[in-house]
Amino acid sequence: MKLNEDLLGGLTPGKRHSDGGNLYFERRANGAASWLFRTPTSWMSLGEYPDISLTEARAKAAEARSLLKKGKDPVRARQAADAAAKAALARSRRTVEEATRDYWKNKCQNLARKDGWIRMMEIHLFPKVGKLPVGDLTAEDVVRVLQPIWKGSADVRDGETGFPTAKRVRDRLKLVLTRERVTGSQADPFICDVARELLPSVEWEEKPHPALRWQDVPDLWLALPTTIAGLGLRLCILTGLRVACVTYARWAEVDFAEKVWTVPKGRVKGWEAGFRVPLTGPITDVLREAERRTGKREYIFASDSAHVKGVISENTWNSWLRENNWKDVFGDPVTAHGFRSTFRDWAAKHKWPRDLAEHSIQHVSAKGTKVERAYWREDRLEDRAELLTAWNEFVVSKEVARREGERARQRALDRLDEVVLADGRTLREAEEWARPADKDEWLGD
């Protein structure tokens, strides 16, 4: 007989009363009551009465019967659901900093600037909301993080950061919260979009990296130091690569036999495969000199003083360029990144094909439209080798000329010993005898 709400209060204690469909009502001797579901192997509680009404108990029983029809055990299914709920609650209690560092550790290790990714969050995110549970984070909290750096280019003073950094922080936080959400947390990635709407519109004018005139590069090449940092900047200039491709270069990526350096895809912005760099003569010379100075450690430009990164920093290059007064046409100190523009200007001036020049500096636009990129298979290594060879020859042209001049001078000096005068003296001995005592230079010496 089907049960009804009016009958439940008068049912005999100490018995289980069937409602049909494996649903039972149990009145205990102490007066308490509960709902039970009969499985093929055990009894499963559906909750206490009257907290769970007859209607609610029948709905829960229907769900359990549905699971049985699918060959699933309702008891185990509920245990799994309870465990997932507990895990979700625990994950929701993870702090923003814990979740962000976990995301960085699992998702960002192949990025070209992986250390910069987490450092930005350490500076702008963690101090304000790092200790908050991800499940408690609100749009207002995100606004509190972004507001100090949500500035247009006209409002940013020297040394300050603005809208581009704020946008990166917001976008990265949204990635973190999305990952938390899909793994069961109560985190809400949508709050990042709400925060964007709560903040005012700003205007940002992107400024290009100050770049040296291509005509001045041979003079710079002569002035560069032969330290490890100097060799790194030389490689940056010769290859046209982004700075992170060079600073994190590994010996395992270089194949001297094949004359190719393959930069892994994670360090080449927007590139879906590794980027092959042809080893020209000057590039090989720089690498061999680095090898001679430091041996083959993991990183080509390893730095013992860089405790976090373990490699040289582009800031070292930029500082040297600034301290040695290398400036662009507007009088601003040039940057290491700017040498990509320098190379690009040189290539355009010397009529190299645009797509080849763009390819050489790893611009995805060299592959054409999105549809054209889907069919792209050729990396044009030989063509790019020809272009890089011409560029490298220009870069080192004054150094080559100076060396040729030194060799010519030495050959001339060597011939002084070959010419013997009538009195038996060599021409060098006669030159030294005739040199005025107050002259430091004579015959180019």
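Given the structure is predicted, the values throughout are model-derived calculations rather than measurements.

Undergrad: Even after reading the chapter, I still don't get the packing of helix 5 (residues 114-124) against helix 8 (residues 163-182), so can you show me in this structure?
TA: Two measures define how a pair of helices packs: the angle their axes make with one another and the distance between the axes. Relative to each other, helix 5 and helix 8 sit at 100°, their axes nearing to 10 Å. Taken together, the axes of helix 5 and helix 8 lie roughly perpendicular to each other. Contact residues: helix 5 offers Gly116, Trp117, Met120, Met121 and His124, while helix 8 offers Thr165, Arg168, Val169, Arg172, Leu173 and Val176. For the contact of helix 5 with helix 8, the class distribution of residues is 6 nonpolar, 3 polar and 2 charged.

Undergrad: Just to check I follow, could you spell out the pairing of strand 1 (residues 15-20) for this structure?
TA: Residues in a regular strand point their side chains to alternate faces of the sheet. Relative to strand 2 (residues 23-27), strand 1 runs antiparallel, the two being bridged by 5 bridges. By the bridge assignment for strand 2, arginine 16 is matched with glutamate 26. Following strand 1, the chain reverses through 2 residues before pairing antiparallel with strand 2; glycine 21 in that reversal takes a positive phi of roughly 65°.

Undergrad: Please explain the sheet that holds strand 4 (residues 43-49) as it appears in this structure.
TA: Strands in a sheet are paired, the pairing made by backbone hydrogen bonds, and the direction either parallel or antiparallel. If you trace the 4 strands from one edge of the open sheet to the other, you get 1-2-3-4, paired in antiparallel fashion. The open sheet has two edge strands with one neighbour each: strand 1 and strand 4. Strand-to-strand twist in this sheet, taken as the mean axis angle between neighbours without regard to direction, amounts to 30°. Sheet analysis places strand 3 (residues 33-38) next to strand 4, joined by 6 bridges and oriented antiparallel. Across the sheet, leucine 36 pairs through a bridge with serine 45, a residue of strand 4. Along the sheet, helix 2 (residues 54-69) makes contact with strand 1, strand 2, strand 3 and strand 4, crossing strand 3 at roughly 20°.

Undergrad: Please clarify how the sheet that holds strand 5 (residues 254-255) should be interpreted in this entry.
TA: With respect to topology, 3 strands assemble into an open sheet ordered 5-6-7, the strand pairing being antiparallel. The outermost strands of the open sheet, each flanked by one partner alone, are strand 5 and strand 7 (275-278). Bridge count for strand 6 (residues 260-263) against strand 7 is 4 bridges, and the pairing is antiparallel. Bridge pairing in strand 7 links threonine 262 to arginine 276. Contacts between helix 18 (residues 381-395) and the sheet are confined to strand 6 and strand 7, with strand 7 contributing the most and set at about 45° to the helix.

Undergrad: Explanation requested: the side chain of serine 360 in the structure shown.
TA: By secondary structure assignment, the location of serine 360 is in helix 16 (residues 354-360). By relative accessible area, serine 360 is classed as buried at 4%. A polar contact is formed between the side chain of serine 360 and the backbone oxygen of leucine 356, at a distance of 2.9 Å. Look past the residues within four positions of serine 360 in its chain and what remains in contact with it is Thr239, Phe275, Phe343, Arg384 and Leu387.

Undergrad: Would you mind going over the pairing of strand 2 with me for this structure?
TA: Summarising burial for strand 2: 4 of the 5 residues are buried, a large majority. Bridge count between strand 2 and strand 3: 5 bridges; the pairing is antiparallel. Within the sheet, the bridge partner assigned to phenylalanine 25 lies in strand 3 and is tryptophan 35. Hairpin connection between strand 2 and strand 3: a loop of 5 residues separates the two successive antiparallel strands, and glycine 31 in this loop has a positive phi of roughly 95°.

Undergrad: I keep staring at helix 14 (residues 314-323) and nothing clicks. Help me out?
TA: Counting along an α-helix, one turn takes 3.6 residues, and residues three or four places apart therefore face a common direction. Those residues of helix 14 lying buried are Glu314, Trp317, Asn318, Trp320 and Leu321. One side of helix 14 holds all its buried residues, which, seen down the axis, span an arc of 160°. Seen from the buried face of helix 14, the exposed residues on the opposite side, beyond 90 degrees, are Asn315 and Glu323. Considering only its buried residues, helix 14 is in contact with helix 10 (217-223), helix 11 (228-239), helix 12 (243-247) and helix 15 (339-349). One side-chain oxygen at the N-terminal end of helix 14 lies 3.0 Å from the backbone nitrogen of asparagine 315; it belongs to serine 313. Asparagine 325 lies just past helix 14 and shows a positive phi near 65°.

Undergrad: Explain the pattern of salt bridges here, please?
TA: When the charged atoms of two side chains with opposite charge come close together, those side chains can pair. Applying the stated criterion across every chain yields a total of 27 salt bridges. The partner of arginine 101 in a salt bridge is glutamate 97, with the nearest N and O atoms 3.1 Å apart. Of the two residues, arginine 101 and glutamate 97 are both situated in helix 4 (residues 96-107); the distance of 4 residues between them amounts to about one turn of the helix. Residue classification places glutamate 97 among the buried residues on the basis of a relative accessible area of 19%. For glutamate 291, the salt bridge goes to arginine 288, with nearest N and O atoms at 2.9 Å. Placement of the pair is glutamate 291 and arginine 288 together in helix 13 (residues 281-294), with a separation of 3 residues, close to one helical turn. One salt-bridge network, held together by shared partners, links Glu97, Arg101, Arg119, Glu122 and Lys131.

The rules behind these values
Residues numbered from 1 in each chain as written. Predicted model: local features only at pLDDT ≥ 70, side-chain atom pairs only at ≥ 80, totals over all residues. Heavy atoms only, no water. Axes fitted to C-alpha atoms, helices over the stretch in contact; angles between N-to-C directions. Helix = DSSP H or I, 4+ residues; strand = E, 2+ residues; numbered from the N terminus. Parallel < 35°, antiparallel > 145°, perpendicular 65-115°, else oblique. Contact = heavy atoms within 4.5 Å. Nonpolar A, V, L, I, M, F, W, Y, C, P; charged D, E, K, R; others polar. Pairing = 2+ DSSP bridges. Buried < 20%, exposed > 50% of the residue type's maximum accessible area, 1.4 Å probe, protein only. Polar contact = N/O pair within 3.5 Å; in protein donor to acceptor, adjacent residues only side chain to side chain. Arc of directions from axis to C-beta. Salt bridge = Lys/Arg side-chain N within 4 Å of Asp/Glu carboxyl O.

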